[in-house]
Amino acid sequence: MTNLVLWRSARMATLTDNGWGLIDHGAMLTRGERIEWVGPASEMPAELRQRVDTEHDLGHTLVTPGLVDCHSHLVYAGNRAHEFELRLNGLSYEAIAQAGGGIRSTVAATRAATEEALFDSAEQRARRLMAEGVTTLEIKSGYGLSLEAEARCLRVARRLGRELPLSVQTTFLGAHAVPPDFDGRADEYIDAVCDWLPDLHAQGLVDAVDAFCDNIGFSLAHTRRVFDAARALGLPIKLHAEQLSNQHGAAMAASLGALSCDHLEHLSEADIPLMRRCGTVAVLLPGAFYFLRETRLPPVAALRTAGVPMAVSTDHNPGSSPSLSLLLMASMACTLFRLTPLEAVQGITLNAARALGLHDRGKLAPGQRADFVAWNLDHPNELAYWFGHHAVARTIQEGRERP
Ligand code: NIG
Ligand code: FE
């Protein structure tokens, strides 16, 4: 039988009771990659205590679930610092995109890069996120925009999950932009995206399907076709919705059972009850809001009142959110979007896992994956309080301490 491992001397923030779920003088037992028991050390059942094989002293740290970054575009080549300069000289994000820059400029760089080079740069970025306690990471394609280049990016994402102590979920975002080879033929490009999907899925490269539904992205009708192709294969869907304009993409995605709708600055309050009924998570991306200097806020108060679960993510990408700090996003979710620290922390754990359709992580409870972080902090509200630095002491991934 697999070893029973005791992790003792920590304050636990289990996030199991719709609150922090704090346990002072807490202890946890793990067996293999799962949590077997968690609670106050004084209440550990004697028959389990006797069977402990290995013990770790957590040194009075604060333990939380491993962090989950549920929206990233980690695999790409080059950067867009020049476009940042152009924007500061007066051009808009939309104008740059319409002039062939934006996503298309990253597509050109990504297509020209080897798989090895894409892996190396993505690995460095993944390690930055991991250093801050990220144990699960979603990675989208969307900078290849041909069957071959999208497959290459998704293979890189899969390889990261195999070679790093990190759980990776892949998302096919073929409908990110119309590539230059389909210029003016968005409709035909969507046909191609729908054709590629079964092939990519058969190669085991796709966990979910996303699209960018916006005035500089794809129409509602195009998005719907991509979703129908995904659903025909039984793949979960999610959407970049209502970021720069209101297309009512969130309502359409939710009505089809989408896992999440992401961005949502232009979400209309009338579409919120549907998200709630369909169990769709609202993924808030304060990094893109900040970096694009948006002024319109997502309707956080209405989402909260309706009881829509809110997640928070980096949206790491070279154009609108070149950040590699999920904790900074938690801080910005509070300062910019007015989430409470509890909501922000739930947003990078519990609700982020839910946004990925994963119910085996994001909280500390028996049966959950033993993914957790020990922090040199007293209270979990500090995760959203300090910014620009972090206090990770140790990260445990599937029961094993990361080197
Ligand atoms: O999530 N909105 C579309 N996609 C990305 C930005 C992509 C880019 O500018 O390269 C986002 O913000
Ligand atoms: Fe994004």
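Before going into details, it helps to say that this report is about the structure given with it. What you are looking at is a predicted structure, and each value in this text was computed from that prediction instead of being measured. (Residues numbered from 1 in each chain as written. Chains lettered and ligands numbered in written order. Predicted model: local features only at pLDDT ≥ 70, side-chain atom pairs only at ≥ 80, totals over all residues. Heavy atoms only, no water.)

1. Quick word on the pairing of strand E7 (residues 167-175)
For step 1, the next point in the chain: Counting buried residues along E7, nine of its nine residues qualify, which places the element largely inside the surrounding structure.
For step 2, the next point in the chain: Across five bridges, the pairing between strand E6 (residues 134-140) and E7 is parallel. Bridging from a neighbouring strand, Glu-138 pairs with Gln-169 of E7.
For step 3, the next point in the chain: Bridging between E7 and strand E8 (residues 208-213) involves three bridges; their strand directions are parallel. Paired with Thr-171 across the two strands is Ala-208, which belongs to E8.
For step 4, the next point in the chain: The handedness of the E7 to E8 crossover, carried by helix H7 (residues 186-202), is right-handed. (Buried < 20%, exposed > 50% of the residue type's maximum accessible area, 1.4 Å probe, protein only. Helix = DSSP H or I, 4+ residues; strand = E, 2+ residues; numbered from the N terminus. Pairing = 2+ DSSP bridges. Right-handed = clockwise from strand over helix to strand, strands pointing away.)

2. Describing the sheet that holds strand E15 (residues 400-401)
For step 1, the next point in the chain: In space, the seven strands of this open sheet follow the order E3-E2-E1-E4-E13-E14-E15, with mixed pairing throughout. The sheet is open, and its two borders are formed by strand E3 (34-40) and E15, each paired with just one other strand.
For step 2, the next point in the chain: Taken together, the eight bridges between strand E1 (residues 4-13) and strand E2 (residues 22-31) define a ladder with antiparallel strand orientation. Bridging from a neighbouring strand, Met-12 pairs with Ile-23 of E2.

3. Quick look at the site of ligand 1
For step 1, the next point in the chain: Arg-80, Tyr-93, Tyr-143, Gln-243 and Ser-320 are the nearest of the 15 residues found near ligand 1.
For step 2, the next point in the chain: Between an oxygen atom of ligand 1 and a side-chain N or O atom of His-263, the distance comes to 3.0 Å.
For step 3, the next point in the chain: Here ligand 1 loses 100% of its free accessible area of 330 Å² to cover by the protein chains.
For step 4, the next point in the chain: Here the residues of the shell around ligand 1 sort into four nonpolar, nine polar and two charged. (Near = heavy atom within 4 Å. Polar contact = N/O pair within 3.5 Å; in protein donor to acceptor, adjacent residues only side chain to side chain. Areas by Shrake-Rupley, 256 points an atom, 1.4 Å probe, with all protein chains shown as cover. Nonpolar A, V, L, I, M, F, W, Y, C, P; charged D, E, K, R; others polar.)

4. Let's talk about the coordination of the iron ion (ligand 2)
For step 1, the next point in the chain: Protein-derived ligands of the iron ion (ligand 2) are His-71 (NE2), His-73 (NE2), His-240 (NE2) and Asp-315 (OD), with the metal-ligand distances lying across 2.1 to 2.3 Å.
For step 2, the next point in the chain: Here the donor residues of the iron ion (ligand 2) are spaced in sequence according to H-x1-H-x166-H-x74-D. With a gap of 167 residues between them, His-73 in the loop between strand E5 (67-69) and helix H2 (81-88) and His-240 in strand E9 (residues 238-241) connect regions that are remote in the sequence.
For step 3, the next point in the chain: On the basis of relative accessibility, which here comes to 2%, the residue His-73 falls in the buried class.
For step 4, the next point in the chain: Exposure remark for His-240: the relative accessible area of 3% places this residue in the buried category. (Donors = N, O, S within 2.8 Å, 3.2 Å for Na, K, Ca; no water.)

5. As for the sheet that holds strand E10 (residues 260-263)
For step 1, the next point in the chain: Across the sheet, which stays open at both edges, the eight strands sit in the order E5-E6-E7-E8-E9-E10-E11-E12 with parallel pairing between neighbours. Two strands bound the open sheet, and with one partner strand each, they are E5 and strand E12 (310-312). Across the sheet, the axes of successive neighbouring strands diverge by a mean angle of 25°, strand direction being ignored.
For step 2, the next point in the chain: Its contacts with the sheet put helix H6 (residues 147-163) on E6 and E7, and the angle it makes with E7 is roughly 170°. (Axes fitted to C-alpha atoms, helices over the stretch in contact; angles between N-to-C directions. Contact = heavy atoms within 4.5 Å.)

6. Notes on the state of the cysteines
For step 1, the next point in the chain: A full pass over the atoms with the stated rule returns zero disulfides.
For step 2, the next point in the chain: The cysteine Cys-70 is free of any disulfide, with Cys-261 supplying the nearest cysteine sulfur at 12 Å.
For step 3, the next point in the chain: A relative accessible area of 2% means that Cys-70 is categorised as buried.
For step 4, the next point in the chain: Looking at Cys-213, it has no disulfide partner, and the nearest cysteine sulfur is the one in Cys-261, 9.7 Å off. (Disulfide = S-S within 2.5 Å.)

7. Quick notes on helix H13 (residues 326-335)
For step 1, the next point in the chain: Taking burial as the measure, the ten residues of H13 include eight buried ones, the bulk of the element.
For step 2, the next point in the chain: Residues of H13 that are buried: Leu-326, Leu-327, Met-329, Ala-330, Ser-331, Met-332, Ala-333 and Cys-334.

8. Quick word on the pattern of salt bridges
For step 1, the next point in the chain: Using the criterion set out here, one finds 27 salt bridges in the structure.
For step 2, the next point in the chain: Glu-115 is paired through a salt bridge with Arg-155; the nearest N and O atoms lie 2.8 Å apart. One end of the pair, Glu-115, is in helix H5 (residues 115-131); the other, Arg-155, is in helix H6, and 40 residues separate them in sequence.
For step 3, the next point in the chain: Residue Arg-155 is classed as partly exposed on the basis of its relative accessible area, which comes to 31%.
For step 4, the next point in the chain: Salt bridges sharing partners connect three or more residues here, namely Arg-8, Arg-49, Glu-55 and Asp-57. (Salt bridge = Lys/Arg side-chain N within 4 Å of Asp/Glu carboxyl O.)

9. As for the pairing of E3
For step 1, the next point in the chain: One ladder, built from six bridges, connects E2 with E3; its direction is antiparallel. Bridging across to E3, Gly-26 finds its partner in Pro-40.
For step 2, the next point in the chain: Remark: two residues form the turn of the hairpin made by E2 and E3, two consecutive strands paired antiparallel; Gly-32 in that turn has positive phi of roughly 60°.

10. So, the packing of aromatic side chains
For step 1, the next point in the chain: As enumerated under the stated definition, the model contains eight aromatic pairs in all.
For step 2, the next point in the chain: With centroids separated by 6.2 Å and ring planes inclined at 25°, the aromatic side chains of Tyr-189 and Phe-218 adopt a geometry described as stacked. You can see Tyr-189 sitting in helix H7 and its partner Phe-218 sitting in the loop between E8 and helix H8 (220-232), a full 29 residues away along the chain.
For step 3, the next point in the chain: The class for Tyr-189 is buried, based on a relative accessible area of 0%.
For step 4, the next point in the chain: Taking the relative accessible area as the measure of exposure, Phe-218 reaches 1% and is therefore buried. (Phe/Tyr/Trp six-rings, centres within 6.5 Å; stacked < 30°, edge-to-face > 60°.)

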